[in-house]
Structures are given as structure tokens and as C-alpha cells.
Amino acid sequence: MCLAVPGRVTGIEERDGTRMARVDFGGVVKDVCLAYLPDVEAGEYVIVHVGFALQRLDEESARASLELFEQLGLLDEEFGDAWERAAAEAGQDRPKAAPAETAGPRTERPAAAKEVTR
């Protein structure tokens, strides 16, 4: 499920000509695009959906929403470990990563195709 989640802007920077913010969603911090709210400042609360800040929100409303999302388990669903969640839904423990020596061959994408002449 994709939610529009409120968060507090903790920092702002420009990246490749785009204004970006670090947003704290009750302990989970993510990078968010400010293209739709270019005048937002650090310390303000915004509603974020799929990585874009869409609307300003007052602190009281933001905290109430975050508390409700936490109670409903929606923050963990939105920001939690997807692999762990999938394993739990399948009734299994999340598999542990194998040590590098025993993990088997690594599949990598070739850098570039070589021209074959006949």
C-alpha cells in the first residue's frame, strides 16, 4: 500500500537542479523531492507520496497522523523491511545472507556488448 505520509523536513539541498529535502517520518528519514512545494523550509511538516512532498501540514495534524499510522502498523508496512515482511507473510524466517565465499557466482551485467565480426 502506498500512503501519503506526513513528515518533518530536517534539511534541504539542491541536487542536479532539483530542490530535495531530508524528511523524518517518526524516526525513518528519507529523501523527498520538493518540486511541488518549492518554498518549504526546514522544520515544516509536509505530506509525502511516492517521494514527492505534496502539501504542507501543521505539526499537530502531522503528529496525530503519524501516531495513528504507527498504531495501525502502517508505518512499518510503508517503511519496514520488505524482505522480512514477505518472509513473515509466507510463514518463514527471513533467510540470512550467505558469506561471500559460499554465496556462489555473482551475476553482473556486462559493461558493453562487443562487436562480432565474421
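Above this text is the structure in question.
Okay, so let's go over this structure.

The rules behind the values
- Residues numbered from 1 in each chain as written.
- Predicted model: local features only at pLDDT ≥ 70, side-chain atom pairs only at ≥ 80, totals over all residues.
- Heavy atoms only, no water.
- Salt bridge = Lys/Arg side-chain N within 4 Å of Asp/Glu carboxyl O.
- Helix = DSSP H or I, 4+ residues; strand = E, 2+ residues; numbered from the N terminus.
- Buried < 20%, exposed > 50% of the residue type's maximum accessible area, 1.4 Å probe, protein only.
- Contact = heavy atoms within 4.5 Å.
- Pairing = 2+ DSSP bridges.
- Patch = residues over 30% accessible without salt bridge, like charges linked within 9 Å, V, L, I, M, F, W, Y side chains within 5 Å.
- Areas by Shrake-Rupley, 256 points an atom, 1.4 Å probe, with all protein chains shown as cover.

Some points on the pattern of salt bridges
Pairing is possible between side chains that carry opposite charge, provided their charged atoms lie close to one another.
Logical step 1: Applying the stated criterion across every chain yields a total of seven salt bridges.
Logical step 2: Put simply, Glu41 and Arg19 hold a salt bridge, and the shortest N to O gap is 4.0 Å. In this pair, Glu41 sits in the loop between strand S3 (28-33) and strand S4 (45-49) while Arg19 sits in strand S2 (residues 18-25), placing the two residues 22 residues apart along the sequence.
Logical step 3: Through salt bridges with shared partners, a single ionic network connects Glu13, Arg15, Arg22 and Asp31.

Overview of the environment of Ala4
Logical step 1: Among the secondary structure elements, Ala4 is positioned in the segment before strand S1 (5-15).
Logical step 2: A residue is classified by how much of its surface remains accessible, and Ala4, at 38% relative accessible area, is partly exposed.
Logical step 3: For the pair Ala4 and Val50, spaced 46 residues apart in the sequence, the C-alpha separation amounts to 7.7 Å.
Logical step 4: When neighbours within four sequence positions are excluded, Ala4 is seen to be in contact with Ile47, Val48, His49 and Phe69.

A few points about the environment of Arg8
Logical step 1: Locating Arg8 in the fold gives a position in strand S1.
Logical step 2: Put simply, Arg8 and Leu57 are 49 residues apart on the chain and 9.3 Å apart in space, counted from C-alpha to C-alpha.
Logical step 3: Beyond its immediate chain neighbours, meaning those up to four positions away, Arg8 contacts Arg22, Val23, Asp24, Gly43, Glu44 and Tyr45.

Points about the pairing of S2
Logical step 1: Bridging between S1 and S2 involves seven bridges; their strand directions are antiparallel. Paired with Arg15 across the two strands is Thr18, which belongs to S2.
Logical step 2: Once S1 ends, the chain turns through two residues before running back antiparallel as S2, passing Asp16 with a positive phi of about 50°.
Logical step 3: Where S2 meets S3, six bridges bridge the pair, whose relative direction is antiparallel. By the bridge assignment, Ala21 is partnered in S3 with Val32.
Logical step 4: Connecting the antiparallel pair S2 and S3 is a turn made up of two residues, with Gly26 showing a positive phi of about 65°.

Structural notes on a nonpolar patch on the surface
Logical step 1: A cluster of nonpolar side chains, namely Tyr36, Val50, Phe52 and Leu54, defines an oily patch on the protein surface of about 400 Å² accessible area.
Logical step 2: The topology assignment puts Leu54 in strand S5 (residues 52-57).
Logical step 3: Leu54 gets classed as partly exposed once you look at its relative accessible area, which sits at 42%.

With respect to unusual backbone geometry
Logical step 1: If you check the backbone angles, Asp16 has positive phi at about 50° while not being a glycine.
Logical step 2: Along the polypeptide, Asp16 turns up in the loop between S1 and S2.
Logical step 3: One non-glycine residue, Val50, lies in the positive phi region at around 40°.
Logical step 4: Inspection of the secondary structure puts Val50 in the loop between S4 and S5.

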